[in-house]
Amino acid sequence: MSAGVGVDLENLWIRFGDFVAVRDANVHIKGGDFFSFLGPSGCGKTTILRAVSGFLDPSEGRVLIGGNDMKGIGPNKRPTALIFQNLALFPLMKVWENITFSMEIKGASARERRKRADELLDMIALPGQGDKLPSELSGGQRQRVAIARALCAEPDVLLLDEPLSALDLKLRQHMRTELREIQQRVGITFIYITHDQGEALTMSDSIAVMKAGVIDQIADGKTIYNDPSTAFAASFVGENNVFRGRIKQIMGNEALIETNRSGTLLARISTANQGRMKAGDEAMMFIRPEALALAGEGAAGSNIVSARVNHEEFEGNVFNIFMEGDGGKELKVSIPNVGQSFDDHTGQNITLQYATENAVVVPAGELAAE
Amino acid sequence: MPVFLKEFFKRNGTGMGSLMLALVLFWTIGLIILPQLSMLDFSFRPNLPPPEIGGPKDVYTLENYKYLIYGPEGGSQDYNAVDLKVFFRTLVAAVCVTIFNLILCYPIAYYLAQTKGNHIRIFALMLIIPYWINEILRAFALRIIFGETGVLNNALVGLGIFDTPFDFIRNDIALYAGLGYAYILLMIFPIYNVIESLDRNQIEAARDMGASWVKIHQRVVIPYAKPGISSGCTMVFMLSAGALAAPQILGGPSSLWFTQLIYQQFNDNSDWPQGAAYAVVLLVTCILLVLAVMRLFKVNMGDIGK
Amino acid sequence: MKNLSFTRISIWIYLAVFFAYLLGPLIIMSATAFNSPSFPRMTPWECLTFEWFSALFQDERILNGIWNSILVGAGTVVLSVAMGLAGALMLTQIWPKLRATYYTIIIAPILIPGVVIGISTLVFWDRINRMLGLGADSFLSNGLFLTVIGQSTFIASYCMLVLVARLQRYDVALTEAALDLGATHAQAFRKVLLPFMRPAIASAAVLAFLASFENYNTTTFTFGEYPTLTIELAQKVRYGITPAISALAFIIVVLTVFAALANEASIRRKELVAMARKKATVEELESGKLRLPGFLSSNSAAVALVVVACATVAVAGTAAVYSPQQCIAEVQEQKRLETEQRIQELRRQRELRRQEQQQQQGETAPQAQPSGNNSGFGGVFNPGNLSGDSSSGEDASPTEEPPAGNNSGFGGVFNPGNLSGGDGGGSDN
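Residues numbered from 1 in each chain as written. Chains lettered and ligands numbered in written order. Predicted model: local features only at pLDDT ≥ 70, side-chain atom pairs only at ≥ 80, totals over all residues.

**Q** Please provide a residue-by-residue account of the overall build of chain A, values included.
**A** Looking only at helices and strands, chain A features nine helices and 20 strands. Judged by the C-alpha coordinates and their principal axes, chain A covers about 80 × 50 × 40 Å. Considering only residue pairs separated by 6 or more positions, chain A has 67% of its internal contacts joining residues 24 or more positions apart. (Helix = DSSP H or I, 4+ residues; strand = E, 2+ residues; numbered from the N terminus. Contact = placed C-beta atoms within 7 Å.)

Okay, structure coming up:
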């Protein structure tokens, strides 16, 4: 299997009139990677995909596929195949005709096409369904037909525009695994657009977190989750508790934060910001709900937080405790349910502790909308 | 190249985009705008024999419009009473035909739109079939019926209602019936389309609250169907005022339709500029009338043709 | 309850009146095609005849008109569907600020009177022709060209409306998907957009052809050397009418009913097939054993279609063997007898009068003889008119005869040869 063809975005700007959809994007996507653009709707991720597939011309900068500048090359001449958000299966063609449309364009005979269609139908586990119309298939089946159609074109890069968003939760989770498997098998570069961090985290080798046309952070899923470089990345990927404040003191890779509500706390400075922050800077500290634990009475130190409990809920695998937090946001703690007894704390003040390496400090910035 | 044009070609491809643009430009400019402007220009010129066109005598003049109002120069009358009478009679008659059609078609459109069942499809077919028959033949059919020894007169005399056959043609009854007949479908369909999308529950709710049928139509159905009604009325009015076949076939010998005057100027008198001027007058008057009425009832141009 | 049933009855009466107004004229016109008098009329019914059909098929001008109509129709369909489709596509992607203006421009031809379109087309292309320095026989002043151009101006608007309705349900992503899979823009158009638009294009084409076929107002200014069927019909109807026109109308009515029923039947069948496919299990679909409903099952339109077809065949068969000569002869004989009786009667009256006059005035009588000619029964006394009867009954185009111009209410009644003028003369003057 070849190493696959890489994609590079160099100083990419895309404007629609006065509106800047993509601002100075620089991304290197390794050949054979499963790469995701993750961001809320309207952040410009679909615009990037359309620029890569050739439906849009960049206002500035370059798109390179396999090192070749794609300027002036139309979507039908690029080595990419796009899976549309609504799949865009041709409604009047049968499944096998849909799948082998790219071969029809190249003038392949009906027999060749039939044969290839059967191979691909086997691959996507829909054998013998070639003579149906797309409207006669279920959502998940249509999804797989769209993938087969794109793969039939033998692209170097497969682009996927939120292809799972129309499916129900169960099917979506199943298709994640399936997509990842297919990518591993064919070994080509996948560029995946989503607003669902679960999809991005489970499937991707690399994730770019986007906000309002700007790429905040590019890293693998674990890094993004554990070591976010911006307040937005920290708050958008996974649940996170925020503590606003000001840096009191830098101590190597750690910082003491004077928080607005919870006193002075100690946390690790995120890798990307190490050496860039100084005392007096506005900062935000993030701790995941599952990184907080109940502390014994009278505990004290720079990793101890206490707050009043608003309400509690039992979710099965975890107990969630919601407390008065910072800036109107509730402070959430998730305690794994391992059969321990659990008191009702509503209305009481409780004390929590955390491990310093689980608390991350980033410069103050915009948080993701709920 | 302007940005939107570049995007247009990017989206449609150079070849397909050019073809599309060429067709649209040919239609809008070559077939719609320029011919109308050309006719307008022509209506301000004197009627000259071909060799003199473009010559020194080919200057702009209001002669053709003056003719409609004052008649031929040195004529015996102060005003062109004949043509003006025809002009206003045409407009008034077209308005009457429109109103008659609206009254006739509104109930049937409402009935078709609000009733479910297989017989509605049959009714729809029965509505459409006459519309597929040639306009001339439809007028011809009415002439057979309204003729002096036609079915209607035979029946009326036979039943003893009239002593002698009534001349429907000379009294223009055949003409109005024919114009109304010709455009029934154009009135029904726009109204039908709008009423069909009206939620039946609204009517039920109004009825539930004790509203009478008149009230329901007045307060619920008609306000909702306004775009359809105005669309239908506009089309019927414009087409009646511009009708030529029905007046030629069903019109009485003494009563002319304004389009017949235009036809005469063109074909019998060979006075094209005069005919063009009359056509411009007809077009502008009709458009102004329609716009005025649309303004009165607060409907938009965009609703027409829906 | 009583009130409700009253409403119901009045609705049905209203519907009956409405459809009588709508369909009655067509039925009566069709019936006149089978009645033997040479003026199209249904009452009194004389003889069942098919001769008007053969008269129709021998009419060179009608046949030529049909041919011209088909030529014009074909040209108009191609041009107006192409322009309508381009116009509709443009409407979906035009710059939003221009949209309203653009829509007004392309919808306007529907509202512009046909007469105005005909004149403007004629004037404009005449000017282009002169600007290019071409003669009167150039392509641009050709009746066929002008008619197609003139009709397409507004028929394209109808097509655009039909096409844009379907285009609004088209997902642009489909075209993009085709492009993305390597298709050129032309291929994407041909393989994806066009198949999707096909039903609407078919509707638009039928609509365009019908609109072109029946157009009079525009064509009457532009036809030049190519009079279409409608133009020929208008000429005929204006200058004397015969049941041959009714015969043509009858044929068109039957064709229309036929087409409408066929269309309805095929729609219904598609619905039934789609329903059956939906109900079918995967195995049935795969094995190809799916039983599709038969053509006639639960499809009333198809049944009606077959009935109409059978009736047409039956009528045509009857027409081939049926000869109305016997009946026509009988009617003529009867008319002759009636007329003779009338004449006898008049003679007797005159005889009586003369005797009275003779008794009163003695020798002056012979001078008074022609007084009968002004009495309104004038035609009756003219033996020439009577002999003309028998020939006009078989004449293929009796309308060629000048209208008799007999304005008295009674003269024509006794004279079948005058019938074409009796009514027609009244309005043709």
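**Q** Just give me the short version of the domain arrangement of chain C, but keep the residues and values in it.
**A** Residue and element names in this part refer to chain C. Here the domain parsing of chain C yields domain 1 (52-241), domain 2 (242-322) and domain 3 (325-352 + 380-428). The C-alpha centroid of domain 2 is placed 29 Å from the C-alpha centroid of domain 1. Every contact between the two is made by 10 residues of domain 1 and, on the other side, eight residues of domain 2. Mapped by element, the contributors of at least two residues to the side of domain 1 that touches domain 2 are α2 (51-57) and α10 (229-238). At four residues, α2 tops the list of elements feeding residues into the side of domain 1 that touches domain 2. For the side of domain 1 that touches domain 2, a count of residues per class yields eight nonpolar, no polar and two charged. (Domains from an automatic or database assignment. Nonpolar A, V, L, I, M, F, W, Y, C, P; charged D, E, K, R; others polar.)

**Q** Describe the confidence of the model for chain C, with residues and values.
**A** Mean pLDDT over chain C stands at 75; residues scoring 70 or higher make up 74%. Both scores are given for the predicted complex: the pTM is 0.79, the ipTM 0.85. (pLDDT = per-residue confidence, 0-100.)

**Q** Hey, could you go over the nonpolar core for me, with residue numbers and the actual values?
**A** Counting residues in hydrophobic clusters, the biggest one holds 265 residues, and the most contacted among them are M285(A), A109(B), F140(B), I188(B), I191(B) and A279(B). Apart from the residues lying within four places of it in its own chain, the contact partners of A109(B) are I188(B), I191(B), Y192(B) and I195(B). Counting residues in each nonpolar core, the second largest holds six residues, with A260(C), A265(C), A302(C) and L305(C) among its members. (Core = buried A, V, L, I, M, F, W, Y, C linked by C-beta atoms within 7 Å. Buried ≥ 20, exposed ≤ 12 C-beta atoms within 10 Å, placed from the backbone.)

**Q** Help me get a handle on the environment of L159(B), residues and values and all.
**A** Residues and elements named next belong to chain B. Here L159 shows up in the loop between α7 (151-158) and α8 (173-182). Given 8 C-beta atoms within a 10 Å radius, L159 is considered exposed. Taking C-alpha positions, L159 is 46 Å from A206, a pair spaced 47 residues apart along the chain.

**Q** Could you give an account of the interface of chain B and chain C, with specific residues and numbers?
**A** Between chain B and chain C, the residue contacts involve 70 residues of the former and 79 residues of the latter. Of the residues forming the side of chain B that touches chain C, the biggest block, 15 residues, is contributed by helix α2 (residues 14-43) of chain B. Here the side of chain B that touches chain C is composed, by residue class, of 48 nonpolar, 18 polar and four charged.

**Q** Let's hear about the environment of L255(C): which residues, and what values?
**A** Topologically, L255(C) is positioned in helix α11 (residues 243-279). Placed 96 residues apart in sequence, L255(C) and E351(C) show a C-alpha to C-alpha distance of 59 Å.

**Q** Can you break down the sheet that holds strand β11 (residues 241-251) of chain A residue by residue, with the values?
**A** All names here are of chain A. Spatially, β11-β12-β13-β20-β14 is the arrangement adopted by the five strands of the closed barrel, whose pairing is mixed. The sheet shows a mean angle of 55° between the axes of neighbouring strands, taken without regard to direction. Strand direction decides the pairing type here: strand β12 (residues 254-259) and strand β13 (residues 264-269), joined by five bridges, are antiparallel. Within β13, the position partnered with I257 by the bridge is L265. (Pairing = 2+ DSSP bridges. Axes fitted to C-alpha atoms, helices over the stretch in contact; angles between N-to-C directions.)

**Q** Just give me the short version of the packing of helix α6 (residues 135-146) of chain B against α8(B), but keep the residues and values in it.
**A** Describing two packed helices takes the angle between their axes plus the distance from one axis to the other. Residues and elements named next belong to chain B. Relative orientation of the contacting elements α6 and α8 amounts to 140°, with a least axis distance of 10 Å. Relative to α8, the crossing made by α6 is right-handed. Between α6 and α8, the contacting residues are E135, R138, A139, L142, R143 and F146 on the first element and A174, A177, G178, Y181 and A182 on the second. Tallied by class, the residues present in the contact of α6 with α8 amount to seven nonpolar, one polar and three charged. (Left-handed = near helix turned anticlockwise from the far one by under 90°.)

**Q** Before we move on, can you summarise the pairing of strand β6 (residues 80-83) of chain A with the specific residues and values?
**A** A regular strand places its side chains on the two faces of the sheet in alternate fashion. Residue and element names in this part refer to chain A. Because side chains alternate across β6, one face comprises the buried residues T80 and L82, and the other comprises A81 and I83, equally buried. Here β6 pairs with strand β7 (residues 157-161) via four bridges, running parallel. Opposite T80, over in β7, you have V157 as the bridge partner.

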